[in-house]
Amino acid sequence: MVGIVLRQVSKSYGGTRAVDDLDLEVEDGAFLALLGPSGCGKTTVLRLLAGLERPDRGTIALGERVVAGEGVFVEPEDRGLGMVFQSYALWPHMTVEGNVSFGLHGRGLDRSEITARVGQALDLVGLSAKARARPHELSGGQRQRVALARSLAMRPRLILLDEPLANLDANLRASMAAEFRRIHAETRTTFVFVTHDQAEAMALATRVAVLDGGRLQQVAAPEDIWHRPASPAVARFVGSRRLLPVEVLGASADDPARLDVWLAEGVLSLAGSAPGGPGWICLRPEGLALADDGSRSPGEPLLGGTVRDGHFEGGHHLLTVDLGRAGEAAAVQVRSPVPLPTGAAVRLRVVDGWVLPRAS
Amino acid sequence: MADVVEAAAGRRPGGFRLRRPALRRDTVLAGGLLLLVCGASLYPLARLIALAFSAGEDGTILGTLSQAVASTAVQRALVNSLAVSAGATIVATLSGAVLALALGYGRSRARTAATFLLLSPLLIPSQIIALAWIELSGLIWAGTGGSPLYSGWGIAALMGVEAMPLVFLATRAAMTGLPADLVEAARICGARRRRIAGRIVLPLLAPAILSGAVLAFAASIGNFGIPALLGIPGRFPVLTTLAYQRLNGFGPAVLPQVAVIALILAVLVLGALAARALLLRHMAVPVEVRPGAATPMLTSAPLPLALGVVWGGVTVVAILPMLALVLSSLAPALGVALSWTSATAANYEAVLSSAAVRRAILNSAALSLFMALIAGLVAVPLAYLARLRRNPAARLTTLAAEVPFALPGTVVALAFILVFLPPLPIVGISIYATPAILLFAYVVRFLPLVLGPISAALARLDPALDDAGRVCGVRLGRRLRGIAAPLAAPAAGAGMVLAALTAFNELTVSSLLWSAGTETVGVMVFAFQYEGNSGKASALSVLSILVVAFLAALFDRLGRRLPGIVPWRD
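Residues numbered from 1 in each chain as written. Chains lettered and ligands numbered in written order. Predicted model: local features only at pLDDT ≥ 70, side-chain atom pairs only at ≥ 80, totals over all residues. Heavy atoms only, no water.

1. Considering the overall build of chain B
In step 1: The helix and strand inventory of chain B stands at 23 helices and 0 strands.
In step 2: Relative to the globule expectation of 25 Å for 570 residues, the C-alpha radius of gyration of chain B, 26 Å, shows essentially globular dimensions.
In step 3: Counting the 570 residues in chain B, one finds 53% classified as buried.
In step 4: Long-range contacts, defined as pairs at least 24 residues apart, comprise 79% of the intrachain contacts of chain B with a sequence gap of at least 6.
In step 5: Only carbon and sulfur atoms are counted for the fraction: they give 68% of the accessible area of chain B, which is about 25000 Å².
In step 6: Taking the 42 positively charged and 20 negatively charged side chains of chain B as two groups, their mean positions are separated by 5 Å. (Helix = DSSP H or I, 4+ residues; strand = E, 2+ residues; numbered from the N terminus. Rg over C-alpha atoms; globule rule 2.2 N^0.38 Å. Buried < 20%, exposed > 50% of the residue type's maximum accessible area, 1.4 Å probe, protein only. Contact = heavy atoms within 4.5 Å. Areas by Shrake-Rupley, 256 points an atom, 1.4 Å probe, with all protein chains shown as cover. Lys, Arg positive; Asp, Glu negative; His and termini not counted. Charge placed at Lys NZ, Arg CZ, Asp CG, Glu CD.)

2. Section: the packing of helix 6 (residues 126-140) of chain B against helix 22 (residues 521-530) of chain B
All names here are of chain B.
In step 1: Across the interface, helix 6 lies against helix 22 with an axial gap of 10 Å and an inter-helix angle of 30°. It follows from the interaxial angle that helix 6 and helix 22 lie roughly parallel. Helix 22 is crossed by helix 6, and the crossing has left-handed handedness. Facing Gln127, Leu131 and Ile134 of helix 6, the residues of helix 22 in contact are Gly522, Val525 and Gln529.
In step 2: Classifying every residue of the contact of helix 6 with helix 22 gives 3 nonpolar, 3 polar and no charged. (Axes fitted to C-alpha atoms, helices over the stretch in contact; angles between N-to-C directions. Parallel < 35°, antiparallel > 145°, perpendicular 65-115°, else oblique. Left-handed = near helix turned anticlockwise from the far one by under 90°. Nonpolar A, V, L, I, M, F, W, Y, C, P; charged D, E, K, R; others polar.)

3. Structural notes on the nonpolar core
In step 1: The biggest cluster of nonpolar side chains holds 176 residues, and the ones touching the most others in it are B:Leu414, B:Ile454 and B:Leu513.
In step 2: The contact partners of B:Leu414, leaving out residues within four places of it in the chain, are B:Leu48, B:Ala243, B:Leu247, B:Leu255, B:Val258, B:Ala262 and B:Leu512.
In step 3: Membership of the second largest hydrophobic core comes to 89 residues, among which are A:Leu6, A:Leu32, A:Val67 and B:Val471. (Core = buried A, V, L, I, M, F, W, Y, C linked by side-chain atoms within 4.5 Å.)

4. Quick word on the domain arrangement of chain A
Residues and elements named next belong to chain A.
In step 1: According to the domain assignment, chain A contains domain 1 (2-232) and domain 2 (240-357).
In step 2: A C-alpha centroid distance of 39 Å is found between domain 1 and domain 2.
In step 3: Of the roughly 630 Å² buried where domain 1 meets domain 2, counting both sides, 59% is carbon and sulfur surface.
In step 4: The largest share of the area that domain 1 buries against domain 2 comes from Trp226, Pro229 and Pro232, three residues that together contribute 67% of it.
In step 5: Where domain 1 packs against domain 2, one counts 0 salt bridges.
In step 6: Linking domain 1 to domain 2 there are 2 residue pairs in polar contact (both at pLDDT 80 or more).
In step 7: Grouping the constituent residues of the side of domain 1 that touches domain 2 by class yields 4 nonpolar, 3 polar and 1 charged. (Domains from an automatic or database assignment. Buried area = accessible area lost by both parts, 1.4 Å probe. Salt bridge = Lys/Arg side-chain N within 4 Å of Asp/Glu carboxyl O. Polar contact = N/O pair within 3.5 Å; in protein donor to acceptor, adjacent residues only side chain to side chain.)

5. Quick notes on the pattern of salt bridges
In step 1: Overall, the coordinates contain 27 salt bridges over all chains when judged by the stated rule.
In step 2: Note that A:Arg47 and A:Glu53 form a salt bridge whose closest N and O atoms lie 3.2 Å from each other.
In step 3: A relative accessible area of 23% places A:Arg47 in the partly exposed class.
In step 4: Exposure remark for A:Glu53: the relative accessible area of 17% places this residue in the buried category.
In step 5: Put simply, B:Glu519 and B:Arg359 hold a salt bridge, and the shortest N to O gap is 2.8 Å. On the criterion of sequence distance, the pair formed by B:Glu519 in the loop between helix 21 (508-513) and helix 22 and B:Arg359 in helix 15 (residues 355-388) is long-range, its members being 160 residues apart.
In step 6: For B:Arg359, a relative accessible area of 35% translates into the label partly exposed.
In step 7: Here the salt bridges share partners, and the residues they tie into one network are A:Arg54, A:Glu75, A:Glu77, B:Asp26, B:Arg389, B:Asp466, B:Arg470 and B:Arg479.

6. A short note on the interface of chain B and chain A
In step 1: Contact residues are listed per partner, giving 30 residues for chain B and 39 residues for chain A.
In step 2: Between chain B and chain A, roughly 3000 Å² of surface is buried when both sides are summed, and carbon and sulfur atoms account for 63% of that area.
In step 3: Among the salt bridges present, the one from A:Glu77 reaches B:Arg470, with a minimum N-O distance of 3.6 Å.
In step 4: Where chain B meets chain A, there are 11 residue pairs in polar contact (both at pLDDT 80 or more).
In step 5: Listing elements by their share of the side of chain B that touches chain A, those giving two or more residues are helix 1 (2-8), helix 19 (464-471) and helix 20 (476-504) of chain B.
In step 6: A total of 7 residues in the side of chain B that touches chain A trace back to one element, the largest contributor, which is helix 19 of chain B.
In step 7: Taken together, the residues of the side of chain B that touches chain A break down into 17 nonpolar, 3 polar and 10 charged.

In structure tokens form, the structure reads like this:
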């Protein structure tokens, strides 16, 4: 069953492409995160799905219905979906009940049905006791629940959420994340949410779509995004990896699933997906270790550099090491059990990394 | 899924048809409002301008224009208008800036009351201000013969008093925007009070003061009440009174000549407003304003000098003239000295028993009420579309709606005579000389007073409030009624009261559009004074000031919770 289909969707604002030729399919019942740095076009995608923006090009279908395409545009009023705005957008002059029921009036439902639906939606978000309260009397988390209940009461097949955890403090964030997962499981509605926070995306979503510069970089399960980034942009954004240019030699002799790469006068065998030729290795701080002078196995490449900066991070010191190379990764980060002074010479061993092709 | 996408590309399987709505409802509404506002305000003005540029009676190109401009009466009125407006601008700028500075530096408890009284010339119509000062000058120069007010000097001084609040408000707005740390930084640097005022505060306020001065000039050019009461008997014609006298004396036949006067008025006012926009763009330095930052205060204790200036200003601007007006309304007859024993309510009795006055009060009340209601009905959807929906046509309409308020009332009234004197097409009747033309003109002229607060209130709202309704499937009409209208209601109420208050005493437009049976309060005050019956004029003025005071209190109550709506509140 198909939930959402976007085909070659583009949208520009005054010359800048916010969304560039986007293809995306989302299964019915998925919990999809649109992840990316600010300005990557993720909010535009959400507003395109809602019908609050018109695509310049391309087709959008929700379920069996094309809602935007050549000569077709369905207004948001007629799309029958729910949306939780970042500001919650609760109508300040209405009670909680009034907010939730406002969209239900005027669509031919009888009064008892409306009351039942409002009660059910408020039950689901755990706010039945606050039905008569006004938005300004509620806490941030409660307001968000009202906004969610307002969407749920419409019984949509799709609910869009704009940065749902951004306005909440740290404690509330964890409990609201659990609430979203529970409600998603109970209602089996498709949820699409936008976030710039990778931890939030990983914690909530069953699928993550990473956007950068208006283009889709990768759609996959959270684990895959984390362990197997498909493009340099994803690698840089997720897990804050640093990229080093290498030469990919081909599949490893002893493990065909791994790739041999040439780095710093030595050969490394790493996981990844790239043809032979120029490539990147993507390094997280955990994938590097300080090499003690004695323990070098023959042929293992070591990266030499000088400590630029270091600070204690609880449990270990995080060092920024200047590799003295031209190009992208002038510096990498590595954990150290002991503090090292700025300017100290160190050598780093690559423990783990991910290989990607590099356009030469 | 593939078939879904194919369906979008036009290959629709299974007779699955997609319907595109012909026109979106908000587009239709915005287009309708644009047509309505342009048709009602810009079209008559365009006709008037076209008439001013029309060929002369003998067929010469631009004959009307050249004939009118060659007339010595028009030239004299133009020179007089420019001279008294320049004088008024000087008076308004000096007094407005000094009073705003004094009020800003000397904090006093009765700050709101003092501000309200200093702003009272904005609420009290100019013919009543003129009348009050005539009575005041009668008390001061009793027995010396002609009062010096009936001259260009007098007109300039009174128009200066009337325009003072414009400079005062502009200066005060700039002062509240100035962060206190700019002054504090100068004090840390060791600068003395005089140096801080001269080198830091005044330069930062200068653009605001100058822009207020330009507004004062534009308001003075379009002023009718003061030159009508002082200049007509004093034989000192200005452009607005010349247009009135010509039309009154010769009837609609002189419309082409009067249209040229209107054109000159419009050019002067619009030129001044354009100069103000340029001035603000090139002179204003961006000042970083943080909410909650206090106004720069040289001292926190009330300065006796500043307080003296403020209350001296209040006395001269509001208390003395109003007192003179009340005294005159209680005087038994012209020339009879007023004392505790001779005071009489005869003027009030005479005024209230007059059928014409009763009719005028009823007319003014009904016109104000219906004008406010119609303006509210137009303004709420317009502001909703322009501010929450960001509809370009609606935003254009809000700009077009400002024009009739920015231009002198005389110009608007003349444009309405021109368009509505002939019978309307289709229905075949003329609304000229009916209350309809007054109502229509009032709506067009005072719509910005209602639109302004509503626009400001809706612009502060998160557009997501409306988007949330759209996503919930709520149609335009219900969103307007259920979301926009309740949220705009306090501002709409305040704006409607302000417009009703202004319209109740309106004179400039009414004096040209009234006819027997459709007298208004403003016209009656003017008529009484014109007949030399100053006692009755004063009595009716006092009554109408009471109405204004009541409406101002209502406006204050409705608008006090809204930021920046009630000008006399901080």
